[in-house]
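Observations on the three-dimensional arrangement
Residues per chain, in single letters:
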Amino acid sequence: MTSVSYFRTLILGTCNMLHKGPRPLVLCGPSGSGKSTLIKKLFEEFPDTFGYSVSHTTRSPREGEENGKHYHFTTKDKMQKQIEQNEFLETAVYSGNMYGTSKRAVEDVQEAGKICVLDVDVQGIKQIKQSSLDPFYIFIKPPSIEELEKRLRARKTETEDTLQRRLAVARTEIEYGEKPGNFDIVIENDNFSKAYEELKKFVISNLKQGETVTS
Ligand SMILES: Nc1ncnc2c1ncn2[C@@H]1O[C@H](COP(=O)(O)OP(=O)(O)OP(=O)(O)O)[C@@H](O)[C@H]1O
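Since this is a predicted model, take the numbers as computed values, not measurements.

**Quick notes on the side chain of S33**
- Along the chain, S33 falls in the loop between β1 (25–28) and α2 (35–45).
- A distance of 3.5 Å separates a polar side-chain atom of S33 from the backbone oxygen of I140.
- Not counting the four nearest positions on each side in its chain, S33 is found in contact with I140, P142, L148, R151 and N189.

**Focus: the packing of aromatic side chains**
- For the structure on display, the rule yields 10 aromatic pairs.
- Residues Y71 and F73 carry aromatic rings whose centres are separated by 5.8 Å and whose planes lie at 55° to one another, so their mutual orientation is tilted.
- Through successive ring pairs, a cluster of aromatic residues spans F43, F46, F50 and Y52.
- The aromatic ring of F136 is capped on one face by R23, whose charged end is 3.9 Å from the ring centroid.
- Positioned over the ring face of Y137 is K129, at 4.7 Å from the centre of the ring.

**Examining the pattern of salt bridges**
- A full pass over the atoms with the stated rule returns 17 salt bridges.
- With a closest N to O distance of 2.8 Å, R59 and E65 form a salt bridge.
- When the shortest N-O distance is used, the salt bridge between E149 and R153 registers 3.0 Å. Residue E149 and its partner R153 are both found in helix α6 (residues 145–155); the two are separated by four residues, about one turn of the helix.
- Each member of the salt-bridge network shares a partner with another, and the members are R104, E107, D108 and E111.

**Considering the site of the ligand**
- Around the ligand, the structure places 15 residues, and the nearest of them are S31, K35, S36, T37 and N189.
- Take K35: an N or O atom from its side chain is 2.8 Å from an oxygen atom of the ligand.
- Taken together, the elements giving at least two residues each to the shell around the ligand come down to α2 and α6.
- At three residues, the largest contribution of residues to the shell around the ligand is made by α2.
- Residue composition of the shell around the ligand, grouped by class: two nonpolar, eight polar and five charged.

**Focus on the nonpolar core**
- By size, the foremost hydrophobic cluster in this structure holds 20 residues, and its most contacted members are L25, F50 and I138.
- Of all the secondary structure elements, the ones that give two or more residues to this core are β1, α2, β7 (115–119), β8 (136–141), β9 (185–188) and α8 (192–214).
- At six residues, α8 tops the list of elements feeding residues into this core.
- Ranked by size, the runner-up nonpolar core spans 16 residues in total, among them V26, L89, I125 and F139.

**Some thoughts on the sheet that holds strand β2 (residues 50–52)**
- Reading across the sheet, the five strands line up as β2-β7-β1-β8-β9 and stay open at both edges, with parallel pairing between neighbours. Here the strands that pair on one side only, and so sit at the sheet edges, are β2 and β9. Shown here is a sheet whose adjacent strand axes are inclined to one another by a mean of 30°, direction ignored.
- As paired strands, β1 and β7 are joined by three bridges and run parallel to one another. Residue pairing across strands places L25 opposite V117, the latter belonging to β7.
- Contacting β2 and β7, helix α4 (residues 103–111) crosses the sheet at an angle of about 145° to β7.

**Quick look at the sheet that holds strand β5 (residues 88–94)**
- Taken together, four strands build an open sheet; the order of strands is β4-β3-β6-β5 and the sheet is mixed. Both outer strands of the open sheet, β4 (72–73) and β5, are each paired with one neighbouring strand and no more.
- By the bridge criterion, six bridges tie β5 to strand β6 (residues 97–102) in an arrangement that is antiparallel. Paired with Y94 across the bridge in β6 is N97.
- Of the strands in this sheet, β3 (56–57), β5 and β6 are in contact with helix α3 (residues 76–84), which crosses β6 at around 40°.

Rules used throughout
- Residues numbered from 1 in each chain as written.
- Predicted model: local features only at pLDDT ≥ 70, side-chain atom pairs only at ≥ 80, totals over all residues.
- Heavy atoms only, no water.
- Helix = DSSP H or I, 4+ residues; strand = E, 2+ residues; numbered from the N terminus.
- Polar contact = N/O pair within 3.5 Å; in protein donor to acceptor, adjacent residues only side chain to side chain.
- Contact = heavy atoms within 4.5 Å.
- Phe/Tyr/Trp six-rings, centres within 6.5 Å; stacked < 30°, edge-to-face > 60°.
- Lys NZ or Arg CZ within 6 Å of the ring centre and 35° of its normal.
- Salt bridge = Lys/Arg side-chain N within 4 Å of Asp/Glu carboxyl O.
- Near = heavy atom within 4 Å.
- Nonpolar A, V, L, I, M, F, W, Y, C, P; charged D, E, K, R; others polar.
- Core = buried A, V, L, I, M, F, W, Y, C linked by side-chain atoms within 4.5 Å.
- Buried < 20%, exposed > 50% of the residue type's maximum accessible area, 1.4 Å probe, protein only.
- Pairing = 2+ DSSP bridges.
- Axes fitted to C-alpha atoms, helices over the stretch in contact; angles between N-to-C directions.

This is a description of form; function is not addressed.
What follows is the structure in structure tokens.
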């Protein structure tokens, strides 16, 4: 059996045995480290296997964004109430807007029989560690701050100001990411194909382990 077909079979088996979705994957890493690119490739290769949890936000929808698909658009009052009722795994504030991942959003993916993938910052990781989610924690590390700067400049999404802020945050995030025990695996994204293969191998081998334990 090829690794791809084994992977598909394996996940279905795990779902049936545990009566709930397999453990989610939480990816973390500095802005520009390559999380979105790695996740995109994983979704392209295994379109039926992984699902992204839909985050909540209090910001206004941008053109083309659909409620429930790109985000769950909500109000500050409503989101605050839900946070008080412990309905969120993690929340953060960026540019005055609230963002967060609800427990329901993860369950929706799991109930569809998929592995839930989350992309969160270090603050989110610390909050998720206080929850009962029990995911695999994956840190994506850039080869160096200089290379990170190069990639962020090439991406052309940042102003000089946001770039400098992202680089400053990146230093503390890398320190947290490299601290033993904080993550199940640290993947250095120097060569993209190599980093992707490492991610895939980690996911497959951990699901294999789960199957051995439960069968
Ligand atoms: N191994 C690599 N070598 C060269 N460029 C890469 C590599 N991996 C990713 N990139 C490029 O680096 C840029 C940043 O990657 P990406 O947008 O995936 O980062 P991110 O961690 O998701 O950032 P953010 O948290 O800001 O969304 C992109 O333009 C991507 O194409």
